[in-house]
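Geometric and topological summary
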Amino acid sequence: MRSKLRACRMGPKLGVVLQGGGGQGKTTLARHYAEQSGLRGAWIPAQSREGILDALARFGNTAFGMDLPSEAKETHAGVVLDRIRQAKRPALFVFDNVEDAKLVRSFIPQGPRVEVILTTRPSGDFSDFETMRVGVLPSGDLTSPAVQLLLQEAGAQAAGHSRQDALELAQALGGLPLALIIAGAMAKQGQSFDNLRREIALLIEQEPNRSEAYPDSVGAAVRLSYEALSDDAKWVADVCAWFAPEGLEERLFTDAPDGDWWHLRSDEIPERWQGFLRDPVRVRAAFAELRGLSILRGEAGAGQAMHRLTAAVLRLGQPGEGQATARAAAALLDSVYPGGSRTPENPDTWPECQRLTPHAVSVWEKAEGLWRGTWSQPGWAAMDTLLNQAGVFLSVQEDRAGEIAVGRASLELKRARLGEEAREVPVVMGNLGLALSEVGEFTEAEDLLDGALALNVKHRAKSADRVESQVHRAILEIRRHEAGPKSDKPGDLDATADWLIEAEAVAADLPEGKAANSQASCWNQLSYLRRLKGDAKASAEAAERALDLSRAGGAHRGEIAAVAMNVGAVWLKAGKADKAEELLREAYEIRAEIHADTPGHSKRQNAAGWYASCLIVLEKTPEARQIVDIEGLDWAERVRIAAQYPRPDRT
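What this report covers is the structure whose coordinates are included nearby. Residue numbering note: each chain is counted from 1, following its sequence as written. Reporting of local features is limited, given that this is a predicted model, to residues whose pLDDT is at least 70; pairs of side-chain atoms are given and counted only at 80 or more, and all residues count toward the totals for whole chains, interfaces and linings. With hydrogens and water set aside, each side-chain value is computed from the structure's full complement of heavy atoms.

Quick word on the sheet that holds strand β2 (residues 40-45)
Which entries qualify depends on this criterion: Strands qualify as paired when DSSP identifies two bridges or more between them. What counts as a helix is a DSSP run of H or I of at least four residues, what counts as a strand is a run of E of at least two, and both are numbered from the N terminus. Here an axis means a line fitted to C-alpha atoms, over the contact stretch when the element is a helix, while the angle between two N-to-C directions is reported on a 0 to 180 degree scale.
The strand order across the open sheet built from five strands is β2-β3-β4-β1-β5, with neighbouring strands paired in parallel fashion. In the strand order of this sheet, the two ends are held by β2 and β5 (130-133), each with one partner. When strand polarity is set aside, the average angle formed by the axes of neighbouring strands in this sheet is 15 degrees. The pairing of strand β3 (residues 91-98) with strand β4 (residues 114-120) spans six bridges and is parallel.

So, in structure tokens, the structure goes:
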């Protein structure tokens with residue numbers, strides 16, 4: 001491994017990819033090399049874009065002292081990768097469990113001192129990596145790699161045991177690294193190799209072929225290790241088996257009793273464990289036990305992980321298919337996931353959302369089939385809320401793929417729990433439809449948005465929900481129009497205008513507290529529509545009306561920024577840069593405050609671009625230069641764009 005990685009650093013290959021089946025030691029070999037190399041680096045869960053971005057952001061923070069962004073974006077990852085490329089200190093990066101080579105390609109660190117390892121099951125296109133096939137470790141003699149790994153994991157305790165017993169145990173485990181590591185950890189706790197071999201053989205005989213997801217020897221080793229745990233550690237292991245493999249930490253448990261929603265979710269936690277959650281000493285001791293027996297790997301804190309096969313064995317062994325434990329896992333997460341006044345739209349909550357979202361998605365994916373049983377209706381209220389909040393977070397992160405996946409799950413669960421008439425169902429349909437329209441999936445988006453509108457017209461004809469559904473439907477047609485030939489059919493701008501005017505009339509009759517914001521939403525889209533139709537004056541009038549209503553309705557600052565930027569853009573294009581300046585400054589300042597930790601955020605950069613262009617038109621070059629430099633924009637590009645807009649003295 002070391003020689004291959006060194007060769008990659010000097011040649012055209014980006015690194016080494018370890019390919020093999022489940023339990024055959026890809027992750028184990030990578031982790032062993034990482035521990036033995038002593039290199040600084042990062043362990044990157046590579047199943048999702050979110051996990052990769054978060055891991056790179058954390059490396060930038062620990063290695064280079066870079067601020068940890070509230071949301072991990074490609075722009076920040078690019079800065080981290082550039083710092084890695086220039087660094088003089090050697091570093092190792094392990095991308096674990098790669099499912100899509102294309103997903104990780106743009107995030108691979110490169111440099112003369114950088115080593116990269118990928119682990120994967122698929123046999124996709126890894127032509128720019130040196131491939132190593134990973135299988136079971138040879139266990140043919142006393143000095144074989146399987147025996148060496150077993151003795152290494154047993155540590156000093158191995159000195160008291162026969163090497164022949166170690167060989168026989170390694171052979172009984174089929175040379176599978178995960179099973180060898182767990183058995184070695186149990187030997188380290190005082191069990192003899194011979195006794196372990198006999199107990200594992202008995203377990204395989206009693207419960208053979210429990211699942212095709214893992215080999216018998218892995219299942220037996222995990223179950224034997226599990227039985228050696230205290231009750232506290234068993235419960236923690238059972239719950240962690242539903243969470244994401246990486247990022248397992250004590251506060252997933254200890255934070256719950258102090259969470260905002262504990263009073264709603266504590267009934268899903270067995271009473272005997274509620275006291276345990278309030279005792280950090282007991283929780284830390286349980287995690288230490290799990291590390292001691294290799295149920296968990298890594299250091300205390302956020303760096304702990306559970307092998308996917310270990311988690312699969314533990315879930316399969318839980319009573320009732322793990323229904324109660326999965327519900328407890330969802331309840332723990334929902335107790336602390338930001339919501340209510342601490343909405344995921346608030347940047348202050350994003351670090352928490354970033355940490356908890358992979359676990360929320362994992363509980364859904366692993367337990368998806370369970371909620372269809374009789375216990376689901378009301379048992380998955382916590383899961384329902386989690387999907388809602390995760391969807392909001394992924395939306396503000398602009399992770400459309402993640403948002404759409406969670407949106408589909410949320411819609412499926414809400415329909416099963418609440419039925420089509422419930423208000424929450426068209427809300428999810430609308431949000432999912434908008435997300436789909438943004439990535440060009442117009443046909444599916446139309447079905448969802450038409451369905452949401454029909455439900456709201458039928459059950460809530462004079463409501464803000466009905467207005468929102470019509471606005472969403474109008475946005476779809478506008479996006480179709482903008483997509484041009486890439487759309488499934490031309491956008492119907494005339495129908496869009498009719499929907500918005502009708503929706504504004506409904507909004508005007510709403511109670512005072514809801515009317516202003518609903519009307520503002522209609523006028524904002526009408527402004528954009530009129531701009532598309534070339535009526536600059538009508539567009540400006542509609543935009544100003546939207547801004548006045550947003551302010552009167554106490555809209556969120558982010559919404560104020562969006563509308564102010566729209567009005568400012570209309571005036572700038574109409575040759576009224578002097579009127580646009582104050583509005584565009586306001587929009588930029590709000591975005592800079594909201595996204596203070598993420599200067600590369602698209603909404604902040606967009607606001608900065610409009611404001612800088614306005615300043616250039618007004619010949620306020622020093623101020624424009626300052627904004628461009630702060631935000632890392634291209635000055636020549638800003639000048640080129642600003643030249644499109646008329647100067648005030650020409651109007």
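Quick look at the packing of helix α30 (residues 602-617) against helix α31 (residues 621-631)
Spelled out, the test is: Roughly parallel refers to an angle under 35 degrees, roughly antiparallel to one over 145, roughly perpendicular to one between 65 and 115, and oblique to any angle outside these ranges. Each helix crossing is assigned a hand: it is left-handed if the near helix lies turned anticlockwise from the far helix by less than a right angle, otherwise right-handed if that turn is clockwise. Contacts were defined at the residue level, with two residues in contact if any of their heavy atoms lie within 4.5 Å. Ten residue types, Ala, Val, Leu, Ile, Met, Phe, Trp, Tyr, Cys and Pro, are classed as nonpolar, four, Asp, Glu, Lys and Arg, as charged, and the remainder, Gly among them, as polar.
As a packed pair, α30 and α31 sit with axes 8 Å apart at the nearest point and diverge in direction by 160 degrees. What the angle tells us is that α30 and α31 run roughly antiparallel. Considering only the axes of α30 and α31, their crossing is left-handed. For the pair α30 and α31, contact is made by Arg604, Gln605, Ala608, Tyr611, Ala612, Leu615 and Ile616 and by Glu623, Ala624, Ile627, Val628, Ile630 and Glu631, respectively. When its residues are assigned to classes, the contact of α30 with α31 shows nine nonpolar, one polar and three charged.

Brief notes about the packing of aromatic side chains
In plain terms, the rule: To pair, rings of Phe, Tyr and Trp, with the six-membered ring standing in for Trp, must have centres within 6.5 Å; the planes then decide the type, stacked if under 30 degrees apart, edge-to-face if over 60, and tilted in the middle. Each residue is placed in one exposure class: buried if its accessible area under a 1.4 Å probe, protein chains only, is under 20% of its type's maximum, exposed if it is over 50%, and partly exposed if it falls in between. Geometrically, a lysine NZ or arginine CZ counts as sitting over a ring once it is within 6 Å of the ring centre and also within 35 degrees of the ring normal.
Scanning the model with the defined rule gives 10 aromatic pairs in all. Note on phenylalanine 59 and phenylalanine 93: the rings are 4.9 Å apart at their centroids and 75 degrees apart in plane angle, and the pair reads as edge-to-face. Pair noted here: phenylalanine 59 is in helix α3 (residues 49-64) and phenylalanine 93 is in strand β3, with a separation of 34 residues, a long-range link. Both residues of the pair, phenylalanine 59 and phenylalanine 93, count as buried. What links up through ring pairs into an aromatic cluster is the set Trp235, Phe243, Phe253, Trp273, Phe276 and Phe287. Taking NZ or CZ as reference, arginine 315 lies 5.8 Å from the ring centre of tryptophan 242, over its face.

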